[in-house]
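Letter by letter, the chains look like this.
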Amino acid sequence: MRSGDYLEGMLSDYVGGKTKLKVQKSSTSARLVTALTCLQFAFAVYATFLLYYMSPSIDLRTKPDFTWATRIAQQWKQFIVTPHVRSHYQDASSLIGAEIPPITPSLVCEHEKIDFLQKKSNDAQMIKFKRELYNEVLDFQSNNFGTETLVELMAMKSKWDMRGPTKPKVTVILNHFKRKTLCAQLDSLLEQTLPFHHVWVLSFGSPNELSLKRIVESYNDSRISFISSSYDFKYYGRFQMALQTKADLVYILDDDMIPGRKMLQILSHVAGTDKYKNSVLGSIGRILPFRQKDFTFPSYRKFRSKEAGLYLPDPAYNITIDKIVQVDFLSSSWFLSAELIKTLFIETPFTFATGEDLHLSYQLQKYRNAGSFVLPVDPNDKETWGDSEHRLAYVSETTVIFKDIVQVRDDQWWKALSTGYITQWAAMRPQKIDALFYAHSVDEVKVLAPLLQKFRSTAGKKAYIAVSGGNFCPCEDATTALNWPKLVCKERRFKIFDLAIGALSGVSNSEVPVVQALYSSMKGLIKIHNPSVVITVADIDPHVRNALKMATETNSNATTLVLLPRPSISKVLWMADLRPTALPYWNRMRISVNIITQNRAHSLTRLLKSLSNAYYLGDEIPISFNMDSKVDEATIKLVNSFDWPHGPKTLRRRIIQGGLIRAVSESWYPSSDDDYGLLLEDDIEVSPYYYLWIKYALLAYHYDPQVSFPELSSLSLYTPRIVEVVKERPKWNPTEFFKHIHPNTPYLHQLPCSWGAVFFPKLWREFYVYMNMRFTEDAKANPVQIPKSRTNGWQASWKKFLIDLMYLRGYVSLYPNFPKQASFSTNHMEPGAHIRAKDNVVKHDKSDFEVPLLKEDFRTLLPGGKLPPASRLPSLNLFNLPVSLKGLKSAGAKLGQDVLRCNNVTEIVTVDHGTGLPMRCAKF
């Protein structure tokens, strides 16, 4: 029903409802309905405007004045109550603004109360200790790699120079727990002369998390972020977060560090220099303990001890940093490239409870060769300080003063030093030891034990052992194998190094972690202790061997890796008697075995068997067979089938028969000054110890830089029983002859040996030239005639020319001397070119030439159990008479029959050792 009809019906009822009245007044009713309808429309428009202007979201002060509607709305609005429930379409910012008033740093910041002065020591002795040590450190660093003042550092060319086109992006990480210093840090960072890229405020397991968050929000800076966790990630968490940054540099700050406003600029500039780009920089550092007089290391917190190290800077002792100084680790702040952060996590830390500062510096040096440096400051400009309020460190208890934490940190830095961390003590006090042993398993420890114990029991010798540790070779098990107390694994004294390989690097099916950790640790230990040799077993794991080889080769002080076959280790205890200057030459020499043979296959078989049964110490030993043209079939088959595992095998056969003089003299020629030739005819037999004698003698008398012995030209394996050059050939017993010195002393003899001897390269070149200049078919035509010597009449003898040379120029050979003339070689006097030859009328009694072979370790038979010094070796002339080395030269000069005419009283011929050619006469 329409509203007009309804209204009309009501009016009809009101007046009585008569039909006639309705008809009469119909026109009047229509006009009334029209008026009421217009009034209804006007009221609707008014209500719409009224409701809009009464809305709580409308400010009438900003709207135009709509006269009566506006005035009514203003009057009614004061009676309207704002609803508490808002539409879900409402803007969140308007909701927060309505419920929480805006906050500013001034409303939420708290500050640490510092109402005391900086602590100062009045202990004169401690002040003296600290200043002396600091000056020593600074002097050492200044002299070795230079130290710079702040002005000098800022003058250095830098990638991140503020005047350059490129500005570094620096992420600052603040780690907070309880201290009330966040606002002070943020205020300082916001005022830096070099703006930061980001600041990450970390709150891990902090009871103040909410207040810290409110502080960060109050700064309303999109570059400052708050990151929190209910789990406490301890000291390593901030470094783990730093791995996520995309900035160029990272600045990690403890909550007690308030940097001056120039700090980011200074740090970035220094980090951009070539000298310090591979470094971690900071404002506070520590130098770890030095070794004490009792050879132990004290705790870093030991009181009244100079050796306890340094804390830098140390206001308590008035030590400020005016020049950059390298330290063992930084504390409280670290500035470094983002790339270097990764290094912290190469090895599992010693503990996660503390010590991230030391672990960072240790890992950076070990794997990146990066140093840790405390920057200098301008004492008159606090804006250059990285620690503008050092008293904050004393406000509350810190970890370093708790006894248990001190012990843990002591254990940690000692572990680092024991695994190759080169501390300032190690850099300033370079060590020198004889040998560093390495064992990767307990079984290897047992095998190496006799030699290690011999080194350690020899007066004046130093030797330590490093073990892999972890699951490979635990330190405690190694000490048990060595019969040492397990306590040595914990002592702060050098003896055994537990490298903890595997324990720190985790379990892996790859050899890479083991090789990396072993190489890095051994490289550091070698640099600290400078061993002459690193000794291990020859059959050690190949990857381990390669790591050891790389580590020894990095040492500029010539450390040699010695790989000893297990059966030989107990046979080379004489290594401990060699000077440390001789040991590095262990692998230098190359001794070849050169056999002269033709048609004595049975004799050759015996020689080859004796050679195969000898100890060779893992050295490469080339072997050559030198055969004349008339070699028989049996000999050829024998040499072809002979297996020689110690080095290359070479066969030489002459086309035209040359005879013994050519066969011997042409059987070997040196390829270098470290190439030595052992010449053996096939009727000789050698002792199992022959090679050990050669090696020992060469190291003791030829390679030791402290020994000057130019007269020594060869080493004999054989001890003669007769005086060979005298016509009557009288018997001779060196044991009896030298009993007033020592019955078994080795001795020097002017007679070269042809029944097993090693010849030196320089002499052999000289001999070649000499024989070429003096060789004659007729012995009597030879211009050299030694008085009363049988050698003057020797025909077709290479030895005759060598005797002449040694007599004229005063050369000698070293001979062994043991009971019953037991030797390292013997001659079986079997028929050949000389023995029982048709043109040789001299009769040979086999007992005069065949001597027993040494079948036991000869070391115990030597005077004092070792080779005597070169200066104490007795010397004999060609006729077995005692003559000094100078006297031998005098006799040769007096003869005056050398290839050059010299003063026959004071001069002998000298040669070019590279060519063997005679050069000039020289005084002796």
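Model, not experiment: these values are computed from the prediction. (Residues numbered from 1 in each chain as written. Predicted model: local features only at pLDDT ≥ 70, side-chain atom pairs only at ≥ 80, totals over all residues. Heavy atoms only, no water.)

It is worth spelling out the packing of aromatic side chains at this point. Under the counting rule described, the total for this entry stands at 53 aromatic pairs. A ring pair is formed by F297 and W425, whose centres lie 5.0 Å apart and whose planes are at 90°; its orientation type is edge-to-face. With F297 in the loop between β6 (284-287) and β7 (310-312) and W425 in helix α15 (residues 424-428), this pair connects stretches of sequence that are 128 residues apart. Given a relative accessible area of 3%, F297 falls into the buried group. For W425, a relative accessible area of 3% corresponds to the buried category. Put simply, the rings of F297, W413, W414, W425, Y464, F494 and F497 pair up and form one aromatic cluster. The ring of W484 has K495 sitting right over it, with the charged end atom 4.4 Å from the ring centre. A cation over a ring is seen here: K799 above W755, with NZ or CZ 5.6 Å from the ring centre. (Phe/Tyr/Trp six-rings, centres within 6.5 Å; stacked < 30°, edge-to-face > 60°. Helix = DSSP H or I, 4+ residues; strand = E, 2+ residues; numbered from the N terminus. Buried < 20%, exposed > 50% of the residue type's maximum accessible area, 1.4 Å probe, protein only. Lys NZ or Arg CZ within 6 Å of the ring centre and 35° of its normal.)

The next thing to look at is the state of the cysteines. Per the stated rule, a full pass over the model turns up three disulfides. Covalently, C475 is tied to C489 through a disulfide, its sulfur atoms 2.1 Å apart. Taking the sign of the S-S torsion, -95° for the link of C475 and C489, the bridge is left-handed. Taken together, the positions of C475 in helix α17 (residues 475-481) and C489 in the loop between α17 and β14 (496-498) put the pair 14 residues apart, joining distant regions of the chain. The exposure classification of C475 matches that of C489, with both residues buried. The connectivity of the disulfide-linked cysteines in the chain, indexed sequentially, is 1-2, 3-4, 5-6. Unpaired in this structure, C473 has its nearest cysteine sulfur neighbour in C475, at a distance of 8.2 Å. (Disulfide = S-S within 2.5 Å.)

Quick look at the side chain of Q141 now. By the element assignment, Q141 lies in helix α7 (residues 124-144). Sequence-distant contacts of Q141, that is, excluding residues within four places in its chain, are made with G146, T147, I324, V325, Q326 and Q424. (Contact = heavy atoms within 4.5 Å.)

All of the buried residues in helix α9 (residues 182-190) are L182, C183, Q185, L186, S188 and L189. Tucked inside the fold, the buried residues of α9 contact β1 (170-176), β2 (198-204), α10 (209-219), β3 (224-229) and β4 (249-253).

Turning next to the packing of helix α21 (residues 601-612) against helix α22 (residues 633-641). A packed helix pair is summarised by two numbers, namely the angle formed by the two axes and the spacing between the axes. It is the contact of α21 with α22, at a shortest axis distance of 9 Å, that shows an interaxial angle of 20°. Between α21 and α22, the angle is such that the two are roughly parallel. Two packed elements cross with a definite hand, and for α21 against α22 that hand is right-handed. Here A601, L604, T605 and L608 of α21 lie close against α22, whose contacting residues are A634, T635, L638 and V639. (Axes fitted to C-alpha atoms, helices over the stretch in contact; angles between N-to-C directions. Parallel < 35°, antiparallel > 145°, perpendicular 65-115°, else oblique. Left-handed = near helix turned anticlockwise from the far one by under 90°.)

Note that all results are geometric; they support no functional claim without further evidence.
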